[in-house]
Amino acid sequence: MPGIYLHIPFCDTKCIYCDFYSITNHSRKDEFLSAIKKEIVSRSIQLKDRKFDTIFLGGGTPSLLSYAELNSLFEILYKNYNISGSSEITMEANPGTLDKDKLKEFRSLPVNRLSFGVQSFIDMELQFLTRIHNAQTARDSISEAQNAGFDNINLDLIFALPGQSMDNWKYNLDEALKLGTKHISAYSLIFEKGTVLYTMRNKGEVKNADIELEQQMYEYTMQFLEDNGYMQYEISNYAEPGYECRHNLKYWTLEEYIAFGPSASSYIEGQRWTNSKNIGRYIELIESGKPAYDFIETIDEQTSVTEHIMLGLRSRGIYFDDFKSKHNIDFPEKYAKAVNTLLENNWAESDTEKLKLTRKGYAVCDEIVTTLF
Ligand code: SF4
């Protein structure tokens, strides 16, 4: 079944490493809410025969919206789309934007999964990343969410910060574990072009982490989380069994998703489009009755095969039956040489059903995909 994504672009401040479309000027929030509702309604006829089983509110910081604002978005969604009663409904939240009362209110929304942008449990690291919260606020927000009845919680962490020691990274993982969330995402810091962090590196103000240390941190993370009951189901994502993010799995298994809001990307009927990354233009396009995208492409068969291999290897593996039914290709036969190289190097494991990277393979995933496929 396909999924639905809503992009809420507002943040309190802009973090130095962030390349998502997010803005700190909230003056057009009401116009944005009116526009996104119109966009939701405008696509509903095309999608009337589909049933959806995930909704993901990302951003930006969706938890900055009020209960009434969020509720009105859900009302429009449920009125216009066929949404399964057992849907996974995630909202991204930032520590420091939620208190007990707000969390209590949010429990009466359809939201049943929260994803917290924690990033670190060390105040100095949080200050470097220009996050608005400190370590204690992060701990409190997650405990309060659990006390309010949210059982399915993810927390995001970032490693390989400039100057970060292995001990600090181990401390972050230990602290995350203590909170008992069902899901942990652990990403290495990327110096994305156009971010403040990227400029800082160009000016020589910061340096990338040592590549070997970064590798050790990644390997430690995989082993540590597995030893503590989390299953790695994507290069950066770990979950207790049954708590994998069903919405993100759709991106990695090339299922369809419809997305609303500025910068949001959709994939429907073999076409992928990305909405304008400018709130003013987004509102203007919607208000003049036009599609909100700046860019649309048809995914041809070769691209689809390449994406299937790349995304499959990064996540739960390539299932041969699924590959055959989508592309009419016998995967083990067509890619026999590449598969042998993966198995010989202990980069992957295979059975009659699937090919899946090992931890050793995840650690060199990008190189493998580029060279072998
Ligand atoms: S809170 Fe998240 S979306 Fe907002 S600026 Fe920071 S990293 Fe970007």
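In what follows, the structure referred to is the one given above.
Keep in mind the model is a prediction, meaning the values are calculated, not measured.

Colleague: Would you mind going over the overall build of the protein with me for this structure?
Modeller: Looking only at helices and strands, the protein features 16 helices and 15 strands. Taken over the C-alpha trace, the protein has a radius of gyration of 21 Å; the compact-globule value for 373 residues is 21 Å, and the two agree within 12%. Overall, the protein is about 55 × 50 × 45 Å in size when its C-alpha atoms are taken along their principal axes. Evaluated residue by residue, the protein yields a buried proportion of 52% over its 373 residues. Within the protein, contacts between residues separated by at least 24 positions form 69% of all contacts whose residues are at least 6 apart in sequence.

Colleague: How should the site of the ligand be read in this particular structure?
Modeller: Lining the immediate environment of the ligand, one finds Cys11, Thr13, Lys14, Cys15, Tyr17, Cys18, Ser22, Gly60, Asn94 and Arg131. Residue composition of the shell around the ligand, grouped by class: four nonpolar, four polar and two charged.

Colleague: Looking at this structure, how should I read the sheet that holds strand β13 (residues 318-319)?
Modeller: Read across the sheet, three strands follow the order β13-β15-β14 without closing on themselves; strand pairing throughout is antiparallel. Each edge of the open sheet carries a strand with a single partner, namely β13 and β14 (348-350). Both β14 and strand β15 (residues 354-357) contribute to a ladder of three bridges, which runs antiparallel. Paired with Glu349 across the strands is Lys356, a residue of β15.

Colleague: Please clarify how the environment of Phe106 should be interpreted in this entry.
Modeller: Secondary-structure assignment places Phe106 in helix α3 (residues 100-106). Setting aside residues no more than four positions away along its own chain, Phe106 makes contact with Ser63, Leu65, Ser66, Tyr67, Leu70, Met91, Leu98 and Phe150.

Calculation criteria
Residues numbered from 1 in each chain as written. Predicted model: local features only at pLDDT ≥ 70, side-chain atom pairs only at ≥ 80, totals over all residues. Heavy atoms only, no water. Helix = DSSP H or I, 4+ residues; strand = E, 2+ residues; numbered from the N terminus. Rg over C-alpha atoms; globule rule 2.2 N^0.38 Å. Buried < 20%, exposed > 50% of the residue type's maximum accessible area, 1.4 Å probe, protein only. Contact = heavy atoms within 4.5 Å. Near = heavy atom within 4 Å. Nonpolar A, V, L, I, M, F, W, Y, C, P; charged D, E, K, R; others polar. Pairing = 2+ DSSP bridges.

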